[in-house]
Amino acid sequence: MTEAALSGSAGCPSGLEPPSQSVGGDYSPFVQNKGALKSLTLSVRGAKCGGCLSKIENAVGGVPGVEHVRMNLSNGKLNVAWQGATSANTIVDRVTSLGYGVSAYSEDGSEASAKREERALLISMGVAAFALANIMLLSVSVWGGHGEMGSDTRMALYAISGLIALPVLVFSGRHFFQSAWSALKHGHANMDVPISLALTLAFGVSVWETLAAGDHAYFDASVMLLFFLLIGRFLDARLRRQAHAAAHDLAALQNRSVNRLASDDSVESVRADEVRRGDTILLAAGERAVIDIKIAAGTSTVDESLVTGESLPRLIQTGETLYAGTVNLDQPITGEALGSTSDSLLADIAQMLEAGEQKRARYRQIADKAVALYVPFVNTTAAITLIAWLLLGAGVRDAIMVAVATLIITCPCALALAAPVAQVVASGRLFRKGIYLRSGDALERFAEIDHLVFDKTGTLTLGIPTLVSSHGAELEKAASLARASRHPLSRALVETVGAGPVASEIKEMPGLGVEGVIDGKAYRLGSAEWVGVSAVQASDGPTLWFAGDDQEAIQFRFRDQLQSDAADVFADLKQDGLGLEILSGDTEQAVKAVADQIGVSTWHAQVSPQDKVDRLRDLAAADKKVLMVGDGLNDAGALAMAHASLAPGGAMDVSQSASDAVYAGGLSSIVTVLNTARRTKRVMLQNFGLAAAYNMIAVPIAVTGNVTPLIAAIAMSASSLIVTLNALRMNWGRS
Amino acid sequence: MEIIVYLIPVALGLGALGLAGFLWSVNSDQYDDLDGAAHRILDDEDKPL
């Protein structure tokens, strides 16, 4: 009995997630050896509750030789370490038999460095919090003892505060100082320049005041500033890392092993990234190519729907090039790995991606615009305050104190929190709905969208054909031939009929069809010419013909069915007054059929990847803010070129990395993304408004010299709190 | 008021202890799986007969 049967059901026992399918293949290339200990990290999908944790850990722990097993429920990583001869595939099988989807996981370099950065910020934040609490303890004593506390005691308390603040400012403040310094070196100013200035001046002035036995020291204010700013910085870093990790995980679904032929013709299974140019690759029937190959031997039909958008398989022969993403359907083929040669499709697409990235890097976020207004404003105000007080006859010391107080109180705590807090709340909401944002600023671009462009195959449609014509007993016979074939149309036939017998003496002819014998009679299932039909009437979808010794030729018609929620989603989008358009590499008939069903009047069929990019460039030139939704390799350039882009979870990894967000649910995710983005933008604008309003009140108080350290502390924490609470409001309202 | 000569170091020492605990918890991956930890505490490892 399997573990799944023991526990009653497959998949998550809480019912939060349905059981999922696994990516097959060999996992042994992903095993790492540390002495006698072997370890493997897997990405597990579908684990959502505590029951999953114990189910998986107990099952894997029961495999002979396993010494350590730990499942991380937050990110779905399963770490296993074992000794002895147990194979990695045994462990994977144990998890998949429980009803969870598994893929091999390998950490990439950028993820490790993002994790280090996040951890450094968290530690800096903790250190600042410790310092803030202790300095506040002393500051409250000074404020509370005002008038009664002797000046010596006050100086002693300030001295201790300063001794705590100095190392903390150096340690926790380094994130801002380094960034400000590198910006200044390149001759421009960023948000970190006024921050660094305020931190340094606040500390410097406080030291001076302490030594001169003055009234006010701003050690507490400088550390508080640091603490709030670090919260914003940390949230931002965490959001970026989570977004990156989620996208990386989805890409890992395609992180497959490759069968490489050694010089003695033995087959070894290796990771795709270990394959070098010129290696000989064996692509079995049913396997997806993960790298570009040039076919050296074999003839087969291949499904290139992810590469070109064409939904019907194509016959390929020796000498042709197969691109990554192509699925080999019926005969094993061998080929030479091309890697990334300059003439490959991938290289062309990489160029288009680069062009898109450059365009996107020029996008100015609301926060950037706010900072551009803010930095000169604060610095000028502080400078004018200093000069005005000097002109009005104040002492140098008093004038500097007022100017520094202005700089401290206007320092952008609320501004630094305004965008990240709203983005974190929004991306958390989207994450729970199965939409993974790849960057926080994408939300702002989603909010501006007024025109949507869709790819057809795999995006609007399911990407797999379904039988639409009805038949009787012939269907049973045809299915017994179809069961032996991997052709998508055969699979669609079998899908309709279900399990059953397979015909004998089956022969599959690549590009033509299948022939076999049922009850002593020969039958053929395949293309019209091959089964002997000459006059073929046109059809708006793919067809299969079936004929035999005692059988007139009959036609099976197929359609690539629409996603189930397409009609509702398009009704919603139209109601919003958004422009809608389809760009597909598929035939005119197929595209028209889909466009008619969902009521889209603008569509283009048989467009090449370059055509898609050109079309998007035209739209951008017409000042449209375009959202591109697509999954194929042929969409990658267009995805990168668009103002914002979305890719479904089943998309090619190139397309996913070219997109701003990846969604795992249906098309309704598009509506969710657009609505959430618009709401987030509203909240961000409100937050910037609140931050501005705060400054309107604080600046007059500061420049007139009425700010004390107590007022500064209250004002800064109040403004940060208000901004944060306003962002959290998004979680309370309608869902 | 001489008491603050003792109290302030004590307060700082306690704070530092807390900070040390925080640093330890960050560096030993205590925050890596917040969801899992919430469930793990409820997991009863006794097997039914």
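Overview of the structure.

A few words now on a nonpolar patch on the surface. Residue and element names in this part refer to chain A. Among the surface-exposed residues, Met696, Ile697, Ile701 and Ile711 lie close enough to one another that they form a single nonpolar patch of about 390 Å² accessible area. Top element by residues in the nonpolar patch is helix H24 (residues 668-703). It accounts for three residues. With respect to the secondary-structure elements, Met696 resides in helix H24.

The next thing to look at is the packing of aromatic side chains. Think of a pair of aromatic rings as described by two things: how far the centres are apart, and how the planes are tilted against each other in angle. Residues and elements named next belong to chain A. Tallied over the full model, the rule gives seven aromatic pairs over all chains. An angle of 45° between the planes, with centres 5.9 Å apart, marks the rings of Phe227 and Phe228 as tilted. Owing to a relative accessible area of 14%, Phe228 belongs among the buried residues under this scheme. Aromatic side chains Phe431 and Tyr436 sit 5.2 Å apart centroid to centroid with 75° between the ring planes, which places their arrangement in the edge-to-face category. Taking relative accessible area as the criterion, Phe431 reaches 43% and is therefore assigned partly exposed. One aromatic cluster in this structure is built from Tyr523, Phe546 and Phe556. Here the basic side chain of Arg174 rests over the ring of Phe171, its NZ or CZ set 4.6 Å away from the ring centre. Lying over the aromatic face of Trp530, Arg524 brings its terminal NZ or CZ to 4.3 Å of the ring centre.

Facing the 26 residues of chain A at the interface are 22 residues of chain B. Of the roughly 1,800 Å² buried where chain A meets chain B, counting both sides, 64% is carbon and sulfur surface. Considering only the side of chain A, the residues that lose the most area to chain B are Arg119, Ile123 and Phe130 of chain A, jointly responsible for 26% of the buried surface there. Linking chain A with chain B are four salt bridges. Across the salt bridge formed by Asp32 of chain B and Lys115 of chain A, the nearest N and O atoms sit 3.4 Å from each other.

Turning next to the environment of Leu639 of chain A. Residue placement: Leu639 of chain A occurs in helix H22 (residues 636-641). Separated by eleven residues in the primary sequence, Leu639 of chain A and Met628 of chain A place their C-alpha atoms 5.6 Å from one another.

With that settled, the discussion passes to the pairing of strand E19 (residues 513-518) of chain A. All names here are of chain A. E19 sits mainly inside the fold: six of its six residues count as buried. Burial along E19 is two-sided: the face carrying Gly513, Glu515 and Val517 and the face carrying Val514, Gly516 and Ile518 are both buried. Where strand E18 (residues 504-509) and E19 come together, four bridges link them in antiparallel fashion. Directly across from Lys507, in E19, lies its bridge partner Glu515. The hairpin turn running from E18 into E19, its antiparallel successor, is three residues long, and Gly511 in that turn takes a positive phi close to 85°. Between E19 and strand E20 (residues 521-526), which pair antiparallel one after the other, the connecting turn spans two residues, and Asp519 there sits at a positive phi close to 50°.

Residues and elements named next belong to chain A. Spatially, the seven strands line up as an open sheet ordered E15-E27-E26-E25-E16-E23-E24, and their pairing is mixed. With partners counted over all chains shown, the strands left at the sheet margins are strand E15 (435-437) and strand E24 (603-604), one partner each. Alignment of strand E26 (residues 644-648) against strand E27 (residues 661-663), held across three bridges, turns out to be parallel. Following the sheet pairing, Leu646 is matched in E27 by Ala661.

Residue and element names in this part refer to chain A. With respect to the secondary-structure elements, Ala499 resides in the loop between helix H17 (488-497) and E18. Judged by its relative accessible area of 83%, Ala499 falls in the exposed class. Separated by 20 residues in sequence, Ala499 and Ala479 place their C-alpha atoms 8.9 Å apart.

Attention now goes to the pairing of E26 of chain A. Residue and element names in this part refer to chain A. Across the five residues of E26, five count as buried, placing the element largely inside the fold. Judged by which residues are buried, E26 turns out to be covered on both faces: Ala644, Leu646 and Pro648 on one side and Ser645 and Ala647 on the other are all buried. Relative to E26, strand E25 (residues 626-629) runs parallel, the two being bridged by three bridges. Among the inter-strand pairings, Met628 is bridged to a residue of E26, identified as Ser645. Since E25 and E26 lie parallel, the crossover through H22 that links them has a hand, and here it is right-handed.

Attention now goes to the environment of Ile160 of chain A. Take Ile160 of chain A: it is sitting in helix H5 (residues 151-172). We classify Ile160 of chain A as partly exposed; its relative accessible area is 23%. In the structure, Ile160 of chain A is positioned 59 residues away from Phe219 of chain A in sequence and 10.0 Å away in space, judged by C-alpha atoms. Ignoring sequence-local partners within four residues, the contact set of Ile160 of chain A consists of Leu138 of chain A together with Ile8 and Leu12 of chain B.

The next subject is the pattern of salt bridges. Applying the stated criterion across every chain, the model contains 19 salt bridges over all chains. As a salt-bridge pair, Arg260 of chain A and Asp279 of chain A come within 2.9 Å of each other at their nearest N and O atoms. Of this pair, Arg260 of chain A sits in strand E6 (residues 257-261) while Asp279 of chain A sits in the loop between strand E7 (267-271) and strand E8 (280-283), and the two are 19 residues apart along the sequence. Of the two residues examined, Arg260 of chain A and Asp279 of chain A, each falls in the buried class. One salt bridge in this structure joins Lys612 of chain A and Asp455 of chain A, with 3.3 Å as the shortest N-O distance. Note that Lys612 of chain A is positioned in helix H21 (residues 609-621) and Asp455 of chain A in the loop between strand E16 (451-454) and helix H15 (456-460), a separation of 157 residues in sequence. As far as the burial class goes, Lys612 of chain A and Asp455 of chain A line up, both buried. When salt bridges with common partners are traced through the structure, they connect Lys115 and Arg119 of chain A together with Asp29 and Asp32 of chain B into a single cluster.

This brings us to the sheet that holds E19 of chain A. Residues and elements named next belong to chain A. Strands sit in the order E17-E22-E21-E20-E19-E18 across an open sheet of six strands; the sheet is antiparallel. Two strands bound the open sheet, and with one partner strand each, they are strand E17 (461-467) and E18. The mean angle between the axes of side-by-side strands here comes to 15°, regardless of whether they run parallel or antiparallel. Both E17 and strand E22 (residues 551-562) contribute to a ladder of four bridges, which runs antiparallel. The residue of E22 that forms the bridge with Thr461 is Leu562. Helix-sheet contacts for H17 involve E17, E20, strand E21 (543-548) and E22, and the interaxial angle to E17 is about 65°.

What follows is about the packing of helix H7 (residues 192-211) of chain A against helix H12 (residues 396-409) of chain A. Residues and elements named next belong to chain A. Contact pair H7 / H12: the axes reach a minimum separation of 9 Å and the direction vectors enclose 145°. Pair H7 / H12 crosses with left-handed handedness. When H7 is examined against H12, the residues Leu197, Ala198, Leu201, Ala202, Val205, Trp208 and Glu209 are found in contact with a partner set consisting of Arg397, Ile400, Met401, Val404, Leu407 and Ile408.

Quick notes on the rules
- Sequence order sets the numbering: in each chain, residues are counted from 1 along the sequence as written.
- Whichever chain is written first is A, and whichever ligand is written first is 1; the rest continue in order.
- In keeping with the model being predicted, local features are shown solely for residues with a pLDDT of at least 70 and side-chain atom pairs are shown and tallied solely at 80 or more, while totals for entire chains, interfaces and linings include all residues.
- As a convention, hydrogens and water are excluded, and side-chain values are obtained from all of the structure's heavy atoms.
- Only residues whose relative accessible area exceeds 30% and that take part in no salt bridge are eligible for patches, with like-charged residues grouped when within 9 Å of each other and nonpolar side chains (Val, Leu, Ile, Met, Phe, Trp, Tyr) grouped when within 5 Å.
- Each accessible area value is a Shrake-Rupley result obtained with a 1.4 Å probe; residue values ignore everything except the protein chains displayed when judging cover.
- Put simply, a salt bridge is a Lys or Arg side-chain nitrogen that is within 4 Å of an Asp or Glu carboxyl oxygen.
- Labels follow the DSSP assignment, with helices taken as runs of H or I lasting at least four residues and strands as runs of E lasting at least two, numbered in each case from the N terminus.
- Any pair of Phe, Tyr and Trp rings, taking the six-membered ring for Trp, is counted once the centres come within 6.5 Å. Such a pair is stacked with planes under 30 degrees apart, edge-to-face with planes over 60 apart, and tilted for the rest.
- Whether a residue is buried, partly exposed or exposed follows from its accessible area with a 1.4 Å probe, protein chains only, as a fraction of its type maximum: under 20%, in between, or over 50%, in that order.
- Remark: a charge is flagged as sitting over a ring if the NZ atom of Lys or the CZ atom of Arg is within 6 Å of the ring centre and within 35 degrees of the ring normal.
- Contacts: residue pairs with any heavy atoms within 4.5 Å of one another.
- By convention, the term buried area covers the 1.4 Å-probe accessible surface removed from two parts as they join, with the contributions of both added.
- Criterion used throughout: strands pair if DSSP finds at least two bridges between them.
- Orient the strands so they point away from the viewer; a crossover is then right-handed if the path from the first strand over the helix to the second runs clockwise.
- Lines fitted to C-alpha atoms define the axes here, with helix axes fitted over just the stretch in contact, and angles between the N-to-C directions of these axes take values from 0 to 180 degrees.
- Should the near helix be turned anticlockwise from the far one by less than a right angle, the crossing is left-handed, and should it be turned clockwise, the crossing is right-handed.

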